[in-house]
Amino acid sequence: MPAKTFSDGEMVMGRWPGSHLYYEVQVTGYNKNTQLYTVKYKDGTELNLKESDIKSLNFFKTKKSSSRSGSRQRSRSRSRSPARTQTPKHSNSRGREPRKPVEKEEVQKEDISKLKPVHQVQENSTNNKTTYVTDYTEEKNKVYRLVEHKTRKEILTDQLGLPYSLQARREEAKLVDLEAKDGHLYAKKQAVQIQEQGFGARVGAAFMILLLPVVLILLLLMCAQDDPSILSFPPRIPPLQTLWNGTALGIFVLWFLFQALLYLLPIGKVIEGVPLANGKTLKYRINAFYAFLMCATAIGVALYNEVNLSYIYDYLLQLAVSAMMFAFVFSIYLYARSWRVPADELAPEGNTGSYVYDFFIGRELNPRIRNFDLKYFCELRPGLMGWVVINLGLLFAEMKVQNRDVPSLAMILVNCFQLLYVLDALWNEAGILTTMDIVHEGFGYMLAFGDLVWVPFVYSLQAFYLVNHPNELSWPLALAIIALNTVGYIIFRAANSQKNAFRRNPHDPKLAHLKTIPTATGKSLIVSGWWGFVRHPNYLGDLIMALAWSLPCGFDHILPYFYIIYFTCLLIHREARDEHQCRKKYGVAWSKYCQQVRYRIVPYVY
Ligand code: NDP
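Now for a look at the structure at hand. (Residues numbered from 1 in each chain as written. Predicted model: local features only at pLDDT ≥ 70, side-chain atom pairs only at ≥ 80, totals over all residues. Heavy atoms only, no water.)

1. A few points about the packing of aromatic side chains
This is how it is decided: When the centres of two rings from Phe, Tyr and Trp lie within 6.5 Å, Trp using its six-membered ring, the rings pair. Their planes under 30 degrees apart give stacked, over 60 give edge-to-face, and anything left gives tilted. Runs of E in the DSSP output that reach at least two residues are strands. Runs of H or I that reach at least four are helices, and both are numbered from the N terminus. The rule is simple: take the accessible area with a 1.4 Å probe, protein chains only, and divide by the maximum for that residue type; under 20% is buried, over 50% is exposed, in between is partly exposed. We call a charge positioned above a ring when the Lys NZ or Arg CZ atom is no farther than 6 Å from the ring centre and deviates by at most 35 degrees from the ring normal.
Under the defined criterion, the tally for this structure stands at 45 aromatic pairs. Both rings, one in F360 and one in Y445, keep their centres 6.4 Å apart while their planes meet at 40°; by these two values the pair is tilted. Here F360, found in helix α13 (residues 355-361), pairs with Y445, found in helix α18 (residues 445-458); they are 85 residues apart in sequence, far enough to count as distant. Each member of the pair, F360 together with Y445, is buried. Just above the ring of W339 sits the side chain of R363; from NZ or CZ to the centre is 3.6 Å. Directly above the aromatic system of Y284 lies the positively charged group of R368, at a separation of 4.9 Å from the ring centroid.

See below:
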């Protein structure tokens, strides 16, 4: 393993991922497993960088001596490169003093509409707007610093007219101040590292690996009982051998392969995901909705040929156990293959050096077999579509068990609401490319189990409950529940669409009405519209829908409300993790956002 070149606390030049811009940063840590340095920018942003993206402070000064001897022709051609800066018009190449530094007031008087994020400034280099060169001369040095200083000020002067500076000490002071106002503790380096191992670190991860399957089995057993009240806990545990069924495993594996086949079909467009921390951008095929239509056709043909879908109900436990076994083996494969990939393709959060923790969180960020993206595939297809098929099987089972000619209104509502949710996810498949799961999370046991086991078998709990515990809904109540689901869906969809559209094209004229806070990363944060309402409006909508899915089951037992209870905990925890990531990424800009938008998920409550 190569030796560490830069030491903690050292000031160096760090490349901004995906660009050719270098900024002065401080090394705050080094992960020997990923061989990534954690560096802190002057605005508080923390990122993990490869060693090749870090240069010593005098690296560029050293380079200048060779560039000085370069011909005029050479220097002109260099400046045309998008990665290099044009010589500012005011610079004095003959060694005269550069022009007087631009005063803060002057900078702020600049047309605020011209504010451009870093990457855009870079893209416009042909228009003399790039501000950084890698080989500036001593004489030009001050001028470039001046221009860079000015541009950074532009970047960090937000559209709400709340400027903040990059001066390190003042920044720290301001950060502490902002955080204190926001009721947060300033995240010291040590605290950050502890938080890096969320879920209770390795002990918590080991516990979760064992707990998740046990909870699922207990939930299914409870739900199958005549009396599913918590007073009758624990349920009767069947002999272990009855949990295993070869046919059930075969069905699950076939389903997985069928989905993989549909994913590979060359239909649907191929689009780019968002740039990753290592600067790479991956391509994804968008055809999940077509895959769903093909599945629906296949199920229709099966039903026409009198295939008994209530088999799913009869063998739900065995199917769930099969899915668990599959997910476990699959996670071992994911963990093993992660040791063969380059360090910059690993997820920093899943590379702590603890085998158990890393197995749970996932080491590799976007594991792929050629173009087959395993995480992206599992996120939307086998589990999500499997959930719809399980619900349908339970609907048929209800009719059979309760001797009904038609399913109950409660069962229809549960099926329709959840079908809408799945169809929405598949229709908006591209939206998943900006989510935490795809951009930040490694692919390990947590996501594999979540996608392949937890989603299809726990999210169908309400339908499973209704098979044995009928609840006759009145129409007025049904209409009220439909209205609730509609409100939740509108919030959920509008918030997700707004953020996705903004992340894909922040300059979209349709989004021009939104107020934003620029950040040092070049991305902005929306501070009005849905994202100015609460910090996670999409979670709010999701939770409202979760309630609407449980209400059709009535109020006799808490079991059908397991989903919303669990989901509330999950989203609170997820919000905290996202908050931590965003605070690292955006530094002071994030603190300002939190100051503007005080509530996380539920206005005036949380
Ligand atoms: P989000 O889609 O909310 O993504 C969070 C990211 O959005 C942040 O990391 C940040 O990333 C960006 N962001 C945050 N605030 C702003 C802002 N003000 N302006 C612009 N960008 C912002 O998170 P999830 O991936 O957790 O959720 C996606 C959807 O999936 C949600 O609707 C959620 O409810 C749902 N979900 C459902 C689950 C289920 O089991 N049913 C489980 C988990 C999620 P960046 O700045 O880098 O773009």
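2. Thoughts on the site of the ligand
Condition: Residues are counted as near a molecule or strand when any one of their heavy atoms sits within 4 Å of it. Any N or O atom pair separated by 3.5 Å or less is treated as a polar contact, with the protein-specific requirement of one donor-capable and one acceptor-capable atom, and with residues adjacent in sequence counted only for side-chain atom pairs. Each accessible area is a Shrake-Rupley result for a 1.4 Å probe, and residues are judged covered by the shown protein chains and nothing else. Residues are grouped as follows: nonpolar covers Ala, Val, Leu, Ile, Met, Phe, Trp, Tyr, Cys and Pro; charged covers Asp, Glu, Lys and Arg; every other residue, Gly included, is treated as polar.
Every one of the 26 residues lining the ligand counts as a neighbour, but Y459, Y539, D542, R574 and Y586 are closest to it. Taking M436, its main chain carries an N or O atom lying 3.0 Å from an oxygen atom of the ligand. Contact between the ligand and D578: an oxygen atom at 2.5 Å from a side-chain N or O atom of the residue. Coverage of the ligand by the protein amounts to 92% of the 910 Å² it exposes when considered alone. With eight residues, the single largest contributor to the shell around the ligand is helix α23 (residues 562-586). Among the residues making up the shell around the ligand, the classes are represented as 15 nonpolar, four polar and seven charged.

3. Focus on the sheet that holds strand β1 (residues 11-15)
Convention followed: Pairing between strands requires that DSSP locate at least two bridges from one strand to the other. Lines fitted to C-alpha atoms define the axes here, with helix axes fitted over just the stretch in contact, and angles between the N-to-C directions of these axes take values from 0 to 180 degrees.
A sheet is described by the order of its strands in space; here five strands give the open sequence β4-β3-β2-β1-β5, paired in antiparallel fashion. In the strand order of this sheet, the two ends are held by β4 (46-50) and β5 (54-56), each with one partner. Direction aside, neighbouring strands of the sheet carry axes that sit 50° apart on average. As paired elements, strand β2 (residues 22-31) and strand β3 (residues 36-41) share six bridges and run antiparallel to each other. Bridging from a neighbouring strand, V25 pairs with Y41 of β3.

4. Details of unusual backbone geometry
Between F233 and P234 the backbone carries a cis peptide bond, its omega angle lying at 0°. Mapped onto the elements, P234 comes out in the loop between α8 (201-224) and α9 (246-264). The backbone of E306 shows a phi angle near 60°, a positive value even though the residue is not glycine. Judged by its relative accessible area of 71%, E306 falls in the exposed class. A positive phi angle, close to 50°, is found at N403, a residue other than glycine. Relative to the helices and strands, N403 is located in the loop between α15 (382-401) and α16 (409-427). Exposure remark for N403: the relative accessible area of 71% places this residue in the exposed category.

5. Concerning the pattern of salt bridges
For clarity, the threshold we go by: Salt bridges are counted wherever a side-chain nitrogen of Lys or Arg sits within 4 Å of a carboxyl oxygen of Asp or Glu.
Per the counting criterion, the structure on display carries 17 salt bridges. The partner of K280 in a salt bridge is E345, with the nearest N and O atoms 2.9 Å apart. You can see K280 sitting in the loop between β6 (270-272) and β7 (283-285) and its partner E345 sitting in the loop between α12 (316-337) and α13, a full 65 residues away along the chain. Judged by its relative accessible area of 33%, K280 is partly exposed. Residues E579 and R600 are paired through a salt bridge, measuring 3.7 Å at the closest nitrogen-oxygen approach. Taken together, the residues span a long stretch of sequence, with E579 in helix α23 and R600 in the segment after α24 (588-596) at a distance of 21 residues. Considered together, E579 and R600 belong to a single accessibility category, that of buried residues. Several salt bridges converge on common partners, so that one network encompasses R535, E575, E579, R583 and R600.

6. A closer look at the nonpolar core
Worth spelling out the cut-off: To define a nonpolar core, start from buried Ala, Val, Leu, Ile, Met, Phe, Trp, Tyr and Cys residues and group those joined through side-chain atoms within 4.5 Å. We call two residues in contact when some of their heavy atoms are within 4.5 Å.
If you look at the biggest cluster of nonpolar residues, it comprises 120 residues, and the most contacted ones within it are L216, F330, V453, F457 and Y459. With residues up to four places along the chain from it excluded, the contact list for F457 reads L216, L220, L316, L319, A320, A323, I390 and L452. Listed in part, the 16 residues of the second largest apolar core include L514, C582, C594 and V597.

7. Describing α8
Spelled out, the test is: Expected helix span is computed as 1.5 Å times (number of residues minus one). The bend reported for a residue corresponds to the angle between axes fitted to the seven residues ending at that residue and the seven starting there.
If you check α8, its first and last C-alpha atoms are 34 Å apart, about what 24 residues at 1.5 Å a residue would give, namely 34 Å. Along α8, the sharpest change in direction is near 30° and occurs at L211; proline P213 comes one to four residues later. Those residues of α8 that fall on the buried side of the exposure criterion are G204, A205, I209, L212, P213, L216, L218, L219, L220, L221, M222 and C223. Buried-residue contacts for α8 involve α12, α13, α18, α19 (461-468) and α23.

8. Structural notes on the packing of α9 against α15
Keep this limit in mind: In these notes the angle categories are as follows: under 35 degrees is roughly parallel, over 145 is roughly antiparallel, 65 to 115 is roughly perpendicular, and the rest is oblique. The handedness criterion is simple: a crossing whose near helix is rotated anticlockwise from the far helix by less than a right angle is left-handed, and one whose near helix is rotated clockwise is right-handed.
Their axes nearest at 10 Å, the elements α9 and α15 cross at an angle of 120°. It follows that α9 is oblique to α15 by the angle criterion. The element α9 and its partner α15 pack so that their crossing is right-handed. For the pair α9 and α15, contact is made by W255, F256 and Q259 and by P382, M385, G386 and V389, respectively. Of the residues contributing to the contact of α9 with α15, the split by class is five nonpolar, two polar and no charged.

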